[in-house]
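Overview (structure and organization)
The lines below spell out each chain.
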Amino acid sequence: MNECLQNVSPCAENLQCYNTYGSYLCFEKSVYTKLTLAQTNLGIYTDQVINTFQQILQSWMDQYYWGSIKVIVASYDIRHSSSSTDIFYKLITLYGSQFLDSYLTQIIYNQLITQSKQFSVNGTDYEISSFKVYETAEGATFDMNPKVYKMCQSFGICPSNSTCLNSEFLPICQDICDYGLYAEKEHCVACEIGKTTLIQGANSQRYCIENCKPGYYLSLDKLTCEPCPQNMYWSDADNTCHLCPFTSYNSTSCLDGECK
């Protein structure tokens, strides 16, 4: 008998019903997650991998929140690709689920950033490529609107020569790019030939603009190349006109961008 299919739910109005063998559970909230493993084939250990990760999630909950939240896998699905395996979980949570998002944020930070991103089943290590959380099953299936965890506020996630970007899984440590470069994911990429940036730390290709030829500078008001003032030259190093050395004031080469 499935008590959850009765006309009147056996659970309180603010709770959902989950059918179990011979009984039922009343729970507060369900979430949908996608666990991506680097392995392409789980082989004969598929069920054990699925159950092991559920146990790992629960142990993390118990470790940080003293058993105040219970995680149950209500259903799951598996999809393989040429480079990874996706396991879709529908998780239901008992107790404390109003804090579930913050719990998962702390778990991702404490376990997947500071600890190993692996778990072992029967002597085989499985590498976690990502673990995302969604409000709906459709979101998990089509990777739409995963929750973004704001972990960059935590001290020391990224080195001092990079900037921290929040994401739906682990935060991205993005290089702080010099003039003429822009950030693409974690790394700096050069602008096209003949283009540069006005700022350091550009995080998009749209910051790349036409570079001015020697002896000219980019006017921020007009966004056009204007001649450097007399006795000054343009420096690609910092996109600024500099005063020529005194000994070159009378040299026409100074106006062409070189001081001799």
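What counts, and where the lines are drawn
- Residues numbered from 1 in each chain as written.
- Predicted model: local features only at pLDDT ≥ 70, side-chain atom pairs only at ≥ 80, totals over all residues.
- Heavy atoms only, no water.
- Helix = DSSP H or I, 4+ residues; strand = E, 2+ residues; numbered from the N terminus.
- Buried < 20%, exposed > 50% of the residue type's maximum accessible area, 1.4 Å probe, protein only.
- Contact = heavy atoms within 4.5 Å.
- Areas by Shrake-Rupley, 256 points an atom, 1.4 Å probe, with all protein chains shown as cover.
- 1 Å grid on protein atoms, 1.4 Å probe; cavity = no way out; pocket = protein on both sides within 12 Å on 5 of 7 lines; lining within 4 Å.
- Points joined across faces, edges and corners; volume = space filled by probe spheres on them.
- Nonpolar A, V, L, I, M, F, W, Y, C, P; charged D, E, K, R; others polar.
- Core = buried A, V, L, I, M, F, W, Y, C linked by side-chain atoms within 4.5 Å.
- Disulfide = S-S within 2.5 Å.
- Phe/Tyr/Trp six-rings, centres within 6.5 Å; stacked < 30°, edge-to-face > 60°.
- pLDDT = per-residue confidence, 0-100.

With an unreviewed UniProt entry as reference, the protein chain is termed Tyrosine-protein kinase ephrin type A/B receptor-like domain-containing protein, source organism Biomphalaria glabrata.

1. What to know about the overall build of the protein chain
Scanning the protein chain for helices and strands turns up four helices and 17 strands. Relative to its 260 residues, the protein chain shows a buried fraction of 37%. Considering only contacts within the protein chain whose residues lie at least 6 apart along the sequence, 43% involve residues at least 24 apart. Taken as a whole, the protein chain presents about 15,300 Å² of accessible surface, with 50% of it coming from carbon and sulfur.

2. Considering the environment of Asn 41
Following the sequence through the fold, Asn 41 ends up in the loop between β3 (29–37) and α1 (46–65). Residue classification places Asn 41 among the exposed positions, given a relative accessible area of 57%. It is 7.9 Å that separates the C-alpha atoms of Asn 41 and Ser 84, two residues lying 43 residues apart in sequence. Ignoring sequence-local partners within four residues, the contact set of Asn 41 consists of His 80 and Thr 85.

3. Side note on the layout of surface pockets
The space that makes up the largest pocket amounts to roughly 160 Å³. Residue lining of the largest pocket: Lys 132, Ser 167, Glu 168, Phe 169, Leu 170, Pro 171, Ile 172, Lys 185 and Glu 186, and that is the complete set. Along the lines of polarity and charge, the residues of the lining of the largest pocket split into four nonpolar, one polar and four charged.

4. Things to note about the nonpolar core
Formed by 31 residues in total, the largest nonpolar core has its most connected members in Leu 37, Phe 119 and Phe 131. Elements with a contribution of two residues or more to this core: β3, α1, β4 (70–80), β5 (85–94), α2 (100–113), β6 (118–121) and β7 (124–134).

5. A word on the state of the cysteines
For the structure shown, the criterion picks out five disulfides. The side chain of Cys 158 participates in a disulfide bridge whose partner is Cys 173; the two sulfur atoms lie 2.1 Å from each other. Its torsion about the S-S bond being -85°, the disulfide of Cys 158 and Cys 173 is classed as left-handed. Taken together, the residues span a long stretch of sequence, with Cys 158 in the loop between α3 (137–142) and β8 (162–165) and Cys 173 in strand β9 (residues 172–175) at a distance of 15 residues.

6. Regarding unusual backbone geometry
With phi around 55°, Asp 143 is a residue other than glycine that occupies positive phi space. For Asp 143, the position within the fold is in the loop between α3 and β8. We classify Asp 143 as partly exposed; its relative accessible area is 34%.

7. Section: the environment of Leu 243
Along the chain, Leu 243 turns up in strand β17 (residues 240–243). In this structure the C-alpha to C-alpha distance between Leu 243 and Pro 229, which are 14 residues apart in sequence, comes to 8.9 Å.

8. Considering the side chain of Gln 174
If you trace the backbone, Gln 174 turns up in strand β9. Classification of Gln 174 as buried rests on a relative accessible area of 6%. With residues near it in sequence (within four places) discarded, Gln 174 still touches Ser 162, Thr 163, Leu 165, Ala 183, Lys 185, Glu 186 and Asn 203.

9. What about the packing of aromatic side chains?
One pass over the structure, following the stated rule, counts four aromatic pairs. Arranged with centres 5.8 Å apart and planes meeting at 25°, the rings of Phe 119 and Tyr 126 form a pair that is stacked. For the pair Phe 119 and Tyr 126, one class covers both residues: buried. Connected via pairs of aromatic rings, a cluster forms that spans Phe 53, Tyr 89, Phe 119, Tyr 126 and Phe 131.

10. Points about the environment of Gly 194
Of note, Gly 194 is situated in the loop between β11 (187–190) and β12 (195–196). Taking C-alpha positions, Gly 194 is 8.1 Å from Cys 212, a pair spaced 18 residues apart along the chain.

11. Overview of the confidence of the model for the protein chain
Mean pLDDT for the protein chain: 77, with 82% of residues reaching 70 or above. A low-confidence stretch, residues 248–253 (pLDDT under 50), is modelled with eight contacts involving residues beyond four sequence positions or located in other chains.

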